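# Chain and residue survey
Listed here are the chains, written in short residue letters.
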Amino acid sequence: MIIKRVKNLSGEINIPGDKSISHRSVMLGSLAKGDTIVHGFLQGADCLSSISCFRAMGIDIENENDKVIIHGRGLHGLKKPDSVLDVGNSGTTIRLMSGILAAQGFDVEVDGDASIRKRPMGRIMTPLSLMGADIKSKNDNGCAPLLISGRNLKGIHYDSPVASAQVKSGVLFAGLYAEDETSVTEPYVSRNHTELMLKDFGADIITSGKTVTVKPAEELYARRIDVPGDISSAAYFIAAGLITEGSEIKIKNVGINPTRDGMIEVCRMMGADMDVDEIDNGSAEPVADITVRTSSLKGCVIGGELIPRLIDEIPAIAIMACFADGQTVIKDAAELKVKETNRIDTIVNNLKAMGADIEATEDGMIINGGRALHGAVIDSKLDHRIAMSFAIAGLNADGETEIVGSECVDISFPDFFEKLRKMW
Ligand code: S3P
């Protein structure tokens, strides 16, 4: 994809459904009794991987347009798949599903693409093993492929060394099948969609500060789910509207769950001209229309409890920081190294290629804003969030920016470039 500077951006946009909630709707819908109907499901490759894994375990899932119907077979209704479960590029699928598979009455092998085979699975294998699970890395390197043999599990209390919703959720799913209650404490609260959805599906689950406790379940009950727009996908349009001259963009129906809204807080810290108009939807997952206008941004420091609330938005925030006055420091974000790519490296190397003043640190990066960017060849390394963030940078750079591997936007935002093009 070749991107050139634009004069301005304007318009209204509906962004695709939330990726985290879409994955969880497939998993919980499969384990519930009855039909779960999901509106606004994200038709990105990652969520389709979750659908294909649960179909392979005997769940009938209809998927037409934006509506997905999952004919759940109950907590003990999964069947042994005929072959290896393929999660594609999806870390959420493999880590959450591992918690479910650890308690089934069969053995499975779970694998994914080259990126998945490099990502750490020890973080989910450790707590599941403490629960009595039989889960191994086939090549003994702490990564996929994983070999999982279903077992009876016991409840544990797990002090997670990382604030990771994938780890927390995998353990909570396993906890549904354990003999006694299971709890997870995190260093900082990560996204809480699993907790909210488990409650909706009838599980006995309580959150107290940084600790979540789930009781073993007898049954989950099918639900209707309305998936809000994904704030992580909105992030590119928020950044684009703020840094592109003469722009105003309205992004509709964006999920603003407080465990996910760190980007909004950062925009405010940076002095963004932004309206967040909450829509009363009566749901545990709040939504808002977000309007952004071209702004004189200023640098800020981002770290601590904010990091899990905006971890996937850091590539877009790094682009904004290049257009801000002064220095932006991103710290406490070593988790970026184990995402689809090492995002500290992919952000820093690609922004350097565009002429930015940016340095990598052990747990983040330091960006001195205000230096004009020029076009460059950007290697996305097939990381969807890198491809989309650098497209936004390219709209505001001199000359041409080529995004190599731009088709990877399909992972979370299949019509990203079409939607972006309609804004100029
Ligand atoms: C996700 C949790 C986060 C996030 C990922 C989706 C989830 O990962 O980066 O894109 O749906 O639970 P970690 O749990 O590794 O922080």
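From a predicted model like this one, the values you see are computed outputs, not experimental measurements.

Further remarks concern unusual backbone geometry. Following A144, the chain continues to P145 via a peptide bond in cis, the omega torsion being 0 degrees. Within the fold, P145 resides in the loop between β8 (134-137) and β9 (146-149). Even without being a glycine, N253 presents a positive backbone phi close to 60 degrees. In the Ramachandran plot, K381 falls in the positive-phi region, its phi being about 50 degrees despite a non-glycine side chain.

For the rest of this paragraph, the subject is helix α1 (residues 19-31). Helix length check: α1 (13 residues) gives 19 Å between terminal C-alpha atoms against 18 Å at 1.5 Å per residue, within 8%. With 13 of its 13 residues buried, α1 lies for the most part within the structure. A side-chain oxygen of the first residue of α1 lies 3.0 Å from the backbone nitrogen of S20; this N-cap is D18.

Position of P127 relative to the elements: it lies in helix α4 (residues 122-130). Judged by its relative accessible area of 0%, P127 is buried. For the pair P127 and D159, spaced 32 residues apart in the sequence, the C-alpha separation amounts to 9.1 Å. Contacts of P127, omitting those with residues within four sequence positions, involve G122, I156, Y158, V167 and V171.

For the chain, the assigned domains are domain 1 (2-16 + 228-421) and domain 2 (19-226). With centres defined by C-alpha atoms, the gap from domain 1 to domain 2 works out at 28 Å. At the boundary of domain 1 and domain 2, one finds two salt bridges. The residue R123 makes a salt bridge to E335 at a minimum N-O spacing of 2.9 Å.

Here the focus is the packing of helix α10 (residues 343-353) against helix α11 (residues 384-394). Contact geometry for α10 and α11: axes closest at 11 Å, N-to-C directions at 25 degrees. With respect to each other, α10 and α11 are oriented roughly parallel. At the point where α10 passes α11, the crossing takes the right-handed sense. Side by side, α10 and α11 meet where R343, T346, I347, N350 and L351 of the first sit next to H384, R385, I386 and F390 of the second. A breakdown of the residues in the contact of α10 with α11 according to their chemical character gives four nonpolar, three polar and two charged.

In the vicinity of the ligand, the contacting residues are K19, S20, R24, T92, S164, A165, Q166, R191, I311, D312 and K339. A distance of 2.7 Å separates an oxygen atom of the ligand from a polar side-chain atom of K339. Considering the ligand on its own, with 390 Å² of exposed area, one finds that the protein chains cover 94% of that surface. For the shell around the ligand, the secondary structure elements donating two or more residues are α1 and α5 (165-175).

This part covers the packing of helix α7 (residues 231-243) against helix α9 (residues 314-322). Closest axis-to-axis distance for the α7/α9 pair is 9 Å, and the angle between their directions is 5 degrees. Judged on the interaxial angle alone, α9 and α7 are roughly parallel. Residues A235, Y236, A239, L242 and I243 of α7 lie in contact with α9, whose contacting residues are A316, I319 and M320.

Moving on, we come to the environment of P286. Mapped onto the elements, P286 comes out in the loop between β16 (273-279) and β17 (287-293). Since its relative accessible area comes to 15%, P286 is described here as buried. Sequence spacing of P286 and C53 is 233 residues, and the spatial spacing of their C-alpha atoms is 29 Å. Look past the residues within four positions of P286 in its chain and what remains in contact with it is V254, G255, I256, N257, P258, E278 and N281.

A separate point is the sheet that holds strand β23 (residues 401-404). Pairing between the strands of a sheet comes from backbone hydrogen bonds, and it takes one of two forms, parallel or antiparallel. The strand order β1-β23-β22 describes an open sheet built from three strands, whose pairing is mixed. Strand pairing shows two members of the sheet lacking a second neighbour, β1 (2-3) and β22 (377-379), which therefore form its edges. In the sheet, β22 pairs with β23 via three bridges, with the strands oriented parallel. In the strand pairing of β23, D379 is matched with V404.

Conventions we followed
- Residues numbered from 1 in each chain as written.
- Predicted model: local features only at pLDDT ≥ 70, side-chain atom pairs only at ≥ 80, totals over all residues.
- Heavy atoms only, no water.
- Helix = DSSP H or I, 4+ residues; strand = E, 2+ residues; numbered from the N terminus.
- Expected span 1.5 Å × (residues − 1).
- Buried < 20%, exposed > 50% of the residue type's maximum accessible area, 1.4 Å probe, protein only.
- Polar contact = N/O pair within 3.5 Å; in protein donor to acceptor, adjacent residues only side chain to side chain.
- Contact = heavy atoms within 4.5 Å.
- Domains from an automatic or database assignment.
- Salt bridge = Lys/Arg side-chain N within 4 Å of Asp/Glu carboxyl O.
- Axes fitted to C-alpha atoms, helices over the stretch in contact; angles between N-to-C directions.
- Parallel < 35°, antiparallel > 145°, perpendicular 65-115°, else oblique.
- Left-handed = near helix turned anticlockwise from the far one by under 90°.
- Nonpolar A, V, L, I, M, F, W, Y, C, P; charged D, E, K, R; others polar.
- Near = heavy atom within 4 Å.
- Areas by Shrake-Rupley, 256 points an atom, 1.4 Å probe, with all protein chains shown as cover.
- Pairing = 2+ DSSP bridges.

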